[in-house]
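Results of the structural survey
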Amino acid sequence: MSNVESAAAEWHQTACILCSINCGIEVKLDGPTITRVRGDKAHPASEGYTCEKALRLDHYQNGAHRLTSPMRRRPDGSFEEVDWDTAIAEVAARYQDVIDEHGGEKIFFYGGGGQGNHLGGGYGAATRAALGITYQSNALAQEKTGEFWVDGQLFGRSSCHTTGDYHHAEVSVFWGKNPWQSHGFPQARKVLKAIANDPTRTMIVVDPRRTETADLADIHLRPVPGGDAHLLAALVKVIAEEHAATSWLAENTNGFDELRAHLAAVDVTESCAKAGTPEEQVREAAAVIGRATNGVSIFEDLGIQMAPHSTLNSYLEKLVVLLTGNFGVRGGMNLHTRFASLGGGGGPRKAGGGVPSTPVTGHRLVTGLVPCNVIPEEIIGDHPDRFRAMLVESGNPVHSLADSQAMRTALRQLDFLCVIDVAMTETAREADYVLPAASQFEKWECTFFNLEFPSNYFHLRRPVFEPLDGTLPECEIHSRLCRALGAYDDEVLTPLTEAAAAGRSEYTAALVQFMVDHPDLGKLLPVVLYETLGPTLRTEDGVDASGAAAIWGLSQQAAGFWHASIRRAGIDPQGTQPLGEALFEQVLANPSGLIFSTDDYDETMKRLLTPDGRINLVIPSLLDEFDALAGEPSPVAADEAFPFVLAAGERRSSSANTIYRDPSWRKLDKQGALRLSPADAQRLELTDGDRARVVTKRGGAVAFVEITDTMRDGHVSLPNGFGLDAWPGTSSDSVGIAPNELTSSEDRDWFAGTPFHKHVRARIERVEQVAD
């Protein structure tokens, strides 16, 4: 058998890259093509499970969207190919011009990875340091930062992130979450079926839509769109009065009496009416949660995190768990380990210790990230402190963030924009230079969505292909950029290079001395490791592992944080070997991933980082907003101009993240239909397959109609992942609507700045139908 035939016959371990769970998969190849995909039974989290979307990953790997050369914008706005040496030199020079005139703090960074690729962003930290970047953001800042901040207020730091134990929970609650489509935990559909088929367990779904998950639920609460805060207020009030774990609260928390004083003003009947949910159903849910003796786990997601009262919703949701004592127990919510942090850098510190904030609007940085909805305002205009340049890596803010029109305007006002990506995305089309990265299957890669408990997992994925000609992995791109910026040279790295050749222990000692001698290069450590340690790294079967050098550094760091958990997972150093070395060797030796930490449930309380080791039930910053709920009108109060609420970006079987740019991957819902209820369709004189115009205060677009009783009256939805403009000659109907052409950056949470993507006021207009 030839080498080519042998490679084609072999299954290669890797992972799906379409959601944060990254199920382990195995792929078969035919030259540069992925021909077969199956679940990897050796993967410790997914154990052979995968959904149907992974079967079409070759649409990403071999799509016509791939770039094969650095691209430079011409004066007329078109692009031309240039070689890598030219591109790197000119990009570095353009950034240096901005630094010389305005300072590195006027360069803004967005991205660092999507749902399958975080290692490149780790190497990118070195370039950000070399440029002097202090402000950054990524997709988490339009989704999860409010929740992370709430974690910090309750538990001590935002890194104290809670995760559910859905495999064991007696009661599982999914709030604004449809795990059948969006997953969110390993083997989601299998777990959902197990809960639904177990008479001793209960599933509660809170969602205006009747989703696939809701169809499996024992209790389905259907609040009006945007009514979640009112529903949560009622639920928390009933729990506090009738089902509170008072002994546990007295032993482990602060502020219960103060919290009850604020809850006293909540009128349960009125709150349920505003939420559009029957009071008796809310009280039933409270009783089920309150009576549970084997754990309650709650998953809150974008349905309430991209809606009115986003940060408050996260706070109230966590109170449901805490007031019933379902924290730090089997089946409840727990604090997990992590392999690396996904948080931001925090921005420049304010004089006198004030809260870090953005330079133009003064919006607070939440968990170190600039809220996505304020980015255009931090660029557009003539403010002297506005951002003058951007570096965007593996992100597409023009398409994925609110208000695409404002984002395009902002990017066009920059002095300089460079994008690192595999494709000529909507954002790349606004750039001065585009640097083409190797695909996620052509390099060492991983994600840091390591969120499980009691066992947590990490998967370092090996390259399946060689990089496409003309592309480079991000570790090499950032190494070249740092050198072009004059961040270091061969001479300063020579002691490390020589020590690496001598052995890992010699390298460790040399690195310690290097950091003493060159503390200014500490922030460039990822590329320093890549250039010095990387060339010595090989797998047991001889595969070049230089791109995994940064994982060696993270392994040492993780060993320092989680040494007991790592040892419980069975990772034991040999002799005098450091734990971090043993962890790294195991990571490198397991192409299907490994369990890197294992915990007992009592570890959760030990991980609290509050000064007194107790949970703070009261978050003063949110109490005024909570108290004001009583005086609010209904969240769906009459609006003659925009009588509907649009959920802009629904996850469906026909939608994925935008690395699938070729629409031919879809077998169903190829146009990304506008979903609405039968009663609304009747009022508008619409039938299935008709065309309708969706109009918001920001713009309008035409979609095909799907009539379904899964939608409440007055509530309509469009899917995510449509409206990509990479296919000239295709009508807008055939690729659907880009949701953020309809959203406004003004509509955002007052605290975290997260957008109201799931609560966009709209009207629906019947379009004159054209006969076939």
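Described in the following lines is the structure provided in the data block.

Analysis parameters
Residues numbered from 1 in each chain as written. Predicted model: local features only at pLDDT ≥ 70, side-chain atom pairs only at ≥ 80, totals over all residues. Heavy atoms only, no water. Helix = DSSP H or I, 4+ residues; strand = E, 2+ residues; numbered from the N terminus. Rg over C-alpha atoms; globule rule 2.2 N^0.38 Å. Buried < 20%, exposed > 50% of the residue type's maximum accessible area, 1.4 Å probe, protein only. Contact = heavy atoms within 4.5 Å. Areas by Shrake-Rupley, 256 points an atom, 1.4 Å probe, with all protein chains shown as cover. Lys, Arg positive; Asp, Glu negative; His and termini not counted. Charge placed at Lys NZ, Arg CZ, Asp CG, Glu CD. Pairing = 2+ DSSP bridges. Axes fitted to C-alpha atoms, helices over the stretch in contact; angles between N-to-C directions. Parallel < 35°, antiparallel > 145°, perpendicular 65-115°, else oblique. Left-handed = near helix turned anticlockwise from the far one by under 90°. Nonpolar A, V, L, I, M, F, W, Y, C, P; charged D, E, K, R; others polar. 1 Å grid on protein atoms, 1.4 Å probe; cavity = no way out; pocket = protein on both sides within 12 Å on 5 of 7 lines; lining within 4 Å. Points joined across faces, edges and corners; volume = space filled by probe spheres on them. Core = buried A, V, L, I, M, F, W, Y, C linked by side-chain atoms within 4.5 Å.

Helix and strand counts for the protein chain come out as 28 helices and 26 strands. Over its C-alpha trace the protein chain gives a radius of gyration of 26 Å, about what one expects of a compact globule, namely 28 Å for 772 residues. For the protein chain, the spread of C-alpha atoms along the principal axes amounts to about 75 × 65 × 65 Å. With 772 residues in all, the protein chain has 61% of them scored as buried. In the protein chain, 75% of the contacts between residues at least 6 apart in sequence involve partners at least 24 apart. Carbon and sulfur atoms form 49% of the exposed surface of the protein chain, whose accessible area is close to 28,800 Å². When the 70 basic and 104 acidic side-chain charges of the protein chain are each reduced to a single mean position, those positions are 3 Å apart.

Below, the discussion takes up the sheet that holds strand S13 (residues 296-300). Spatially, S11-S10-S9-S13 is the arrangement adopted by the four strands of the open sheet, whose pairing is parallel. Because the sheet does not close on itself, it has two edges, and the strands there are strand S11 (219-221) and S13. Geometrically, the sheet is characterised by an average inter-axis angle of 15 degrees between neighbouring strands, direction not taken into account. Pairing geometry for strand S9 (residues 171-175) and S13, over five bridges, is parallel. Along S13, the bridge assignment pairs Val-173 with Ile-298. Sheet contacts for helix H13 (residues 279-291): S9, strand S10 (202-206), S11 and S13; angle to S11, the most-contacted strand, approximately 130 degrees.

Moving on: the packing of helix H3 (residues 84-102) against helix H18 (residues 474-484). One way to put it is that H3 packs onto H18 with a least axis distance of 9 Å and a crossing angle of 55 degrees. Here H18 runs oblique to H3, going by the angle between their axes. The two elements H3 and H18 meet at a crossing, and its hand is right-handed. Together, Trp-84, Asp-85, Ile-88, Val-91 and Ala-92 of H3 and Ile-477, Arg-480, Leu-481 and Ala-484 of H18 make up the contact between the two elements. Looking at the contact of H3 with H18 residue by residue, the class counts come to seven nonpolar, no polar and two charged.

A cis amide bond links Phe-453 to the next residue, Pro-454, at an omega of 10 degrees. Position of Pro-454 among the secondary structure elements: in the loop between strand S17 (433-436) and strand S18 (455-458). Even without being glycine, His-309 reaches a positive phi, approximately 65 degrees. With respect to the element layout, His-309 can be found in the loop between helix H14 (302-305) and helix H15 (310-323). Take His-309: its relative accessible area is 12%, and that puts it in the buried class.

Let us look at the environment of Val-321. Here Val-321 lies in helix H15. The class for Val-321 is buried, based on a relative accessible area of 3%. Measuring from C-alpha to C-alpha, the distance between Val-321 and Ser-297 comes to 7.4 Å, with 24 residues separating the pair along the chain. Setting aside residues up to four positions removed in sequence, Val-321 forms contacts with Val-296, Ile-298, Asn-326, Phe-327 and Met-333.

This paragraph deals with the layout of surface pockets. Empty pockets left among the atoms are what a rolling probe the size of a water molecule brings to light. Quantified by volume, the second largest pocket comes out at close to 630 Å³. If you go around the second largest pocket, you meet 27 residues; those closest to its centre are Arg-462, Pro-463, Val-464, Phe-465 and Val-543. Looking at the lining of the second largest pocket, the elements with two or more residues in it are strand S1 (12-15), helix H4 (119-131) and H18. Of all the elements, H4 adds the most residues to the lining of the second largest pocket, at three residues. Each residue belonging to the lining of the second largest pocket can be placed in one class, and the counts come to 13 nonpolar, five polar and nine charged.

Scanning all chains against the criterion turns up five cavities of 30 Å³ or more. One number sums up the size of the largest cavity: a volume of about 230 Å³. The wall of the largest cavity is formed by 19 residues, among which Ile-21, Asn-22, Phe-449, Asn-450 and Tyr-457 lie closest to the centre. Residue contributions to the lining of the largest cavity peak at three residues, all from S18. Per-class residue counts for the lining of the largest cavity are nine nonpolar, eight polar and two charged. Across the lining of the second largest cavity, the residue classes break down as six nonpolar, three polar and two charged.

What follows covers the nonpolar core. General note: in soluble globular proteins, nonpolar side chains tend to be found buried as a group. Counting 63 residues, the largest nonpolar core has Phe-155, Ile-204, Tyr-315, Leu-323, Phe-327, Ile-615 and Leu-617 as the members making the most contacts within it. No other element matches the 10 residues that helix H9 (residues 228-242) contributes to this core. Formed by 50 residues, the second largest nonpolar core is a distinct cluster that contains Cys-446, Leu-524, Ala-545 and Ala-558.

When you line up the elements, Asp-382 lands in the loop between strand S14 (334-335) and strand S15 (389-393). For Asp-382, a relative accessible area of 69% puts it in the exposed group. Separated by 14 residues in the primary sequence, Asp-382 and Asn-396 have C-alpha atoms spaced 25 Å apart.

For the pair helix H22 (residues 549-561) and helix H24 (residues 579-589), the least separation of the axes is 8 Å and the interaxial angle reads 130 degrees. With respect to H24, the element H22 is oriented oblique. Where H22 crosses over H24, the handedness of that crossing is right-handed. Two secondary-structure elements touch here, H22 through Ile-551, Trp-552, Ser-555, Gln-556, Ala-558 and Ala-559 and H24 through Leu-579, Gly-580, Glu-581, Leu-583, Phe-584 and Val-587.

This brings us to the sheet that holds strand S5 (residues 79-81). If you walk across this open sheet you meet the seven strands as S5-S4-S17-S16-S15-S6-S7, and the pairing is mixed. Unpaired on one side and paired on the other, S5 and strand S7 (135-137) mark the two borders of the sheet. Adjacent strand axes in the sheet meet at a mean angle of 15 degrees, parallel and antiparallel pairs treated alike. Sheet topology note: the strand S4 (residues 71-73)/S5 ladder contains three bridges and is antiparallel. Among the inter-strand pairings, Arg-73 is bridged to a residue of S5, identified as Phe-79. Sitting on the sheet, H18 touches S15, strand S16 (416-421) and S17, and the angle it makes with S16 is about 150 degrees.

Spatial relationships are all this shows, so hold off on functional conclusions.
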